[in-house]
Amino acid sequence: MNDETVLVTGATGKTGRRVTRLLEERGVAVRAASRSGTPSFDWGDRGTWEGAMRGVTRMYLVVPGLGGARAAEDVAAFARRAAAAGVRHAVLLSTPSDAWGPAQQHVLATERALEHGGLDWTVLRVRWFFQNFSEDFLYDPVMSGEVRLPAGDGKESFVDAEDIAEVAVAALTEAGHAGRYYEVSGPRLMTFGDTVAEIARATGRDLRYVPLTPQEYAEEQRAAGVPEEWVRMLTGLYGHVRSGGLASLGDGVQRALGREPRDFAGYADATAAEGVWNT
């Protein structure tokens, strides 16, 4: 890999920055792509694509709006240009298609677009990140003491972003991963109540999970000024958890890395020790 360069899109995101770090630790040259980076990269501006992929041999692709109709078109065009520019292999961050409900056709179309783009490919179908509770939209609910969601007692196989990054880096730097789908999940099924209880145990704080109806959740989000598009999307995503449609485990970590995935309890302990959830 000493003579190769990896393009990491979404390089400031939860998985992208971890993929960047792990590649750099292995001595791999990384082009960390973002709209504010140099060169600038924006999925919505095709004029930025050529500079980002110039001289690149492999790519880690995080596509905004994966469940939307435009994603497949963008990935198809990007893959064709990348193949023509000499890129050999792309790893796509995706989700289980049934995680998106009515949008699953767009997720599958995006995966197919990469498969037929003229590159070797690997697809990572991942679950809800542990880090959503410490780095993203579930942080504020945790800090408020009440995590109020319309997920009921539905179970999900929450996954550590560190595991996702390690699988991605293995696929980018080692032989034997091309043409594979990896269902990347944690080691056990958990409700949101279970995750909140783990954080409460690790922090010693009084935290509660409060199940809401979809209507109650939507009304609270609108009252907080959340855009309607996001209200609908999040309500739908929580609905898939509530229905039990995501109550399955994947073996992607085991297949790609030869070990068991990290458990939520370890993540909660380590994050609490860092003081992330201190009041």
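Please refer to the structure placed before this passage.
A short tour of the structure in this document, coming up. (Residues numbered from 1 in each chain as written. Predicted model: local features only at pLDDT ≥ 70, side-chain atom pairs only at ≥ 80, totals over all residues. Heavy atoms only, no water.)

## Things to note about the sheet that holds strand E7 (residues 180-184)
Logical step 1: Taken together, the six strands give an open sheet; going across it, the order is E2-E1-E3-E4-E5-E7, and neighbouring strands pair in parallel fashion. Taken across any chain shown, the strands that pair with only one partner, and hence form the sheet edges, are strand E2 (29-32) and E7. Neighbour-to-neighbour, the strand axes of the sheet open up by a mean angle of 15°, direction not taken into account.
Logical step 2: Along the sheet face, helix H1 (residues 16-25) touches strand E1 (5-8), E2 and strand E3 (58-61) and points at about 165° away from the line of E1. (Pairing = 2+ DSSP bridges. Helix = DSSP H or I, 4+ residues; strand = E, 2+ residues; numbered from the N terminus. Axes fitted to C-alpha atoms, helices over the stretch in contact; angles between N-to-C directions. Contact = heavy atoms within 4.5 Å.)

## Digging into the packing of aromatic side chains
Logical step 1: Within this structure, the stated rule accounts for 21 aromatic pairs.
Logical step 2: Consider the rings of phenylalanine 158 and phenylalanine 264, whose centres lie 6.4 Å apart with planes at 65°: the pair is edge-to-face. A residue pair is termed long-range when its members are at least 10 positions apart, and phenylalanine 158 in the loop between strand E6 (146-149) and helix H7 (161-173) and phenylalanine 264 in helix H12 (residues 264-273) qualify at 106 residues.
Logical step 3: Members of the aromatic cluster, joined through ring pairs, are Trp128, Phe130, Phe133, Phe137, Phe158, Phe192, Tyr209, Tyr217, Tyr238, Phe264, Tyr267 and Trp277. (Phe/Tyr/Trp six-rings, centres within 6.5 Å; stacked < 30°, edge-to-face > 60°.)

## A short note on the pattern of salt bridges
Logical step 1: Under the definition given, this model contains 32 salt bridges.
Logical step 2: Two residues, arginine 201 and glutamate 198, come together in a salt bridge whose shortest N-O distance is 3.0 Å. Placement of the pair is arginine 201 and glutamate 198 together in helix H8 (residues 192-203), with a separation of three residues, close to one helical turn.
Logical step 3: Note on arginine 201: relative accessible area 45%, which makes it partly exposed.
Logical step 4: Here arginine 255 makes a salt bridge to aspartate 251, at a shortest N to O gap of 3.9 Å. (Salt bridge = Lys/Arg side-chain N within 4 Å of Asp/Glu carboxyl O. Buried < 20%, exposed > 50% of the residue type's maximum accessible area, 1.4 Å probe, protein only.)

## What about the side chain of threonine 271?
Logical step 1: Relative to the helices and strands, threonine 271 is located in helix H12.
Logical step 2: Not counting the four nearest positions on each side in its chain, threonine 271 is found in contact with Ser134, Val276 and Trp277.

## Regarding helix H4 (residues 104-115)
Logical step 1: With 12 residues, H4 ought to run about 16 Å at 1.5 Å a step, and its terminal C-alpha atoms sit 17 Å apart, in line with that.
Logical step 2: The set of residues buried in H4 consists of Val107, Thr110, Glu111, Ala113, Leu114 and Glu115.
Logical step 3: Tucked inside the fold, the buried residues of H4 contact E3, helix H3 (69-84), strand E4 (89-94), strand E5 (120-126) and E7. (Expected span 1.5 Å × (residues − 1).)

## A closer look at the pairing of E3
Logical step 1: Of the two faces of E3, the one holding Arg58 and Tyr60 and the one holding Met59 and Leu61 are both buried throughout.
Logical step 2: Of the strand pairs in this sheet, E1 and E3 are connected by three bridges, and their pairing is parallel. Residue valine 6 lies in a different strand from E3, and its bridge partner there is arginine 58.
Logical step 3: Two elements, E3 and E4, share four bridges in a ladder whose sense is parallel. Note on E4: the bridge partner recorded for arginine 58 is histidine 89.
Logical step 4: Crossover E3 to E4 through H3 is right-handed. (Right-handed = clockwise from strand over helix to strand, strands pointing away.)

## Points about the environment of alanine 247
Logical step 1: As for its position among the elements, alanine 247 is in the loop between helix H10 (228-243) and helix H11 (252-257).
Logical step 2: Sequence spacing of alanine 247 and tryptophan 121 is 126 residues, and the spatial spacing of their C-alpha atoms is 27 Å.
Logical step 3: If we ignore the near neighbours within four places in the chain, the residues touching alanine 247 are Lys155 and Leu189.

## Here we look at the packing of helix H9 (residues 214-223) against H10
Logical step 1: Viewed as axis vectors pointing N to C, H9 and H10 meet at an angle of 150°, and their least axial separation amounts to 10 Å. Classed by the angle they form, the pair H9 and H10 counts as roughly antiparallel. For the pair H9 and H10, the sense of crossing is right-handed. Residues Pro214, Tyr217, Ala218, Gln221 and Arg222 of H9 form the contact with H10, whose own contacting residues are Glu228, Val231, Leu234, Thr235, Tyr238 and Arg242.
Logical step 2: The residue inventory of the contact of H9 with H10, partitioned by class, reads six nonpolar, two polar and three charged. (Parallel < 35°, antiparallel > 145°, perpendicular 65-115°, else oblique. Left-handed = near helix turned anticlockwise from the far one by under 90°. Nonpolar A, V, L, I, M, F, W, Y, C, P; charged D, E, K, R; others polar.)

## Some remarks on the nonpolar core
Logical step 1: Ranked by size, the top nonpolar core spans 29 residues in total, and within it Trp128, Phe133, Leu149, Phe192, Tyr238 and Phe264 carry the most contacts.
Logical step 2: Among the elements of the structure, E6, H8, strand E8 (208-211), H10 and H12 are those that each provide at least two residues to this core.
Logical step 3: Setting aside anything within four residues of it in sequence, one finds leucine 149 in contact with Leu138, Phe192, Tyr209, Val210, Pro211, Leu212, Tyr217 and Tyr238.
Logical step 4: Grouped together as the second largest cluster of nonpolar side chains are 26 residues, Val56, Val63, Ala77 and Leu92 included. (Core = buried A, V, L, I, M, F, W, Y, C linked by side-chain atoms within 4.5 Å.)

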